[in-house]
Amino acid sequence: MITVIGRGHSGTRAISQTLYASGVYMGQTLNPSADLVPGHDMYDACRVFARYVKWNGDLSWDFSRAHSADIPPRFTQLLSKYLASVLNHGGQLKGWKIPETTLVYPWLARMYPDIHYIFWIRNPRDCIIGRHKTDDLRDFGIQYPTPLGPPDEQGETKEDERLRRAISWKYQYDLVKSTPKPERWIEVRFEDFVLKQEETLERLENFLRIPLARVVMRKDTINRWQRDESLNYFDFFEPAMREYNYEIPAAVLAPVRSAVE
């Protein structure tokens, strides 16, 4: 069994479509983003998980209780209901993709330690350009600083949607990094999948031990931040961007601006 971990707009559609074209059963119903839908039970499972995360203030969360506590039966019930078409499928090759999986990844890894996990990574500057359901973590029970932008000419501040998305990105990155890696784990940059598709697919084939189909990828799907006219870099991206060899601006362009309600 295979699952894809990665925040929304990380390019996970590409690997889900690749798996589907390669004969991997990806669930009974897929939406245009190649997500297994409907996702309501997964969303509710995310809200159960959130009760075990403590917000320390600012951009810091304590995941220790989530890692140590017993997984509640309600979560197991919701996840099993969401994955019913996959779990009940009789084939040997099966899996699923929906970005909200990332929000419950620690418990998923404990429940299914032997499945194959593909951690899909994309430059966060590209990730936060478009809207996604996980932009507002409060919808899933996660607390975070109110994302306030700079004061306007009248001295008033409004909530900054890009900062909200950036905080969501950081939370999900921190959550994944806090979790011990399962035995079958691979990390793939979306940019490498686009620019070095054959090399990247060979890595994935060796990992999954199955041949993979080749899907057409357009180069204009990467580095969209270069054509974006709004703010798309925040200083708390820097550690992750260094880790995954993404270009960092010469100067910090946007320090964290937040206020706690």
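Heads up: the structure comes first, above all this text.
Residues numbered from 1 in each chain as written. Predicted model: local features only at pLDDT ≥ 70, side-chain atom pairs only at ≥ 80, totals over all residues. Heavy atoms only, no water.

Draft legend 1. Main features of the nonpolar core. Ranked by internal contacts, the top residues of the largest apolar core, which has 58 residues, are Trp61, Trp96, Tyr117, Tyr171 and Phe237. Looking at this core, the elements that each hand over two or more residues are α2 (40–50), α4 (73–82), α6 (105–111), β5 (116–121), α8 (161–177) and α11 (238–243). Per-element tally for this core: the top contributor is α8, with 8 residues. Beyond its immediate stretch of four places on either side in the chain, tyrosine 171 contacts Phe49, Val53, Trp61, Phe63, Leu103, Leu137 and Ile142. Counting residues in each nonpolar core, the second largest holds 22 residues, with Leu19, Val194, Leu208 and Ile222 among its members. (Core = buried A, V, L, I, M, F, W, Y, C linked by side-chain atoms within 4.5 Å. Buried < 20%, exposed > 50% of the residue type's maximum accessible area, 1.4 Å probe, protein only. Helix = DSSP H or I, 4+ residues; strand = E, 2+ residues; numbered from the N terminus. Contact = heavy atoms within 4.5 Å.)

Draft legend 2. The layout of surface pockets, seen in detail. Of the pockets and cavities examined, the largest pocket occupies roughly 640 Å³. For the largest pocket, the lining is made up of 31 residues, of which His9, Gly11, Arg13, Ser33 and Arg122 are closest to its centre. Per-element accounting of the lining of the largest pocket gives the leading share, 4 residues, to helix α1 (residues 12–21). Of the residues that constitute the lining of the largest pocket, the class distribution is 10 nonpolar, 11 polar and 10 charged. Here the second largest pocket defines a volume of roughly 160 Å³. Forming the boundary of the second largest pocket are Gln28, Thr29, Leu36, Val37, Pro38, His40, Asp41, Lys81, Tyr82, Ala84 and Ser85. For the lining of the second largest pocket, the secondary-structure elements that each account for two or more residues are α2, α4 and α5 (84–87). When grouped by side-chain class, the residues that make up the lining of the second largest pocket number 5 nonpolar, 4 polar and 2 charged. (1 Å grid on protein atoms, 1.4 Å probe; cavity = no way out; pocket = protein on both sides within 12 Å on 5 of 7 lines; lining within 4 Å. Points joined across faces, edges and corners; volume = space filled by probe spheres on them. Nonpolar A, V, L, I, M, F, W, Y, C, P; charged D, E, K, R; others polar.)

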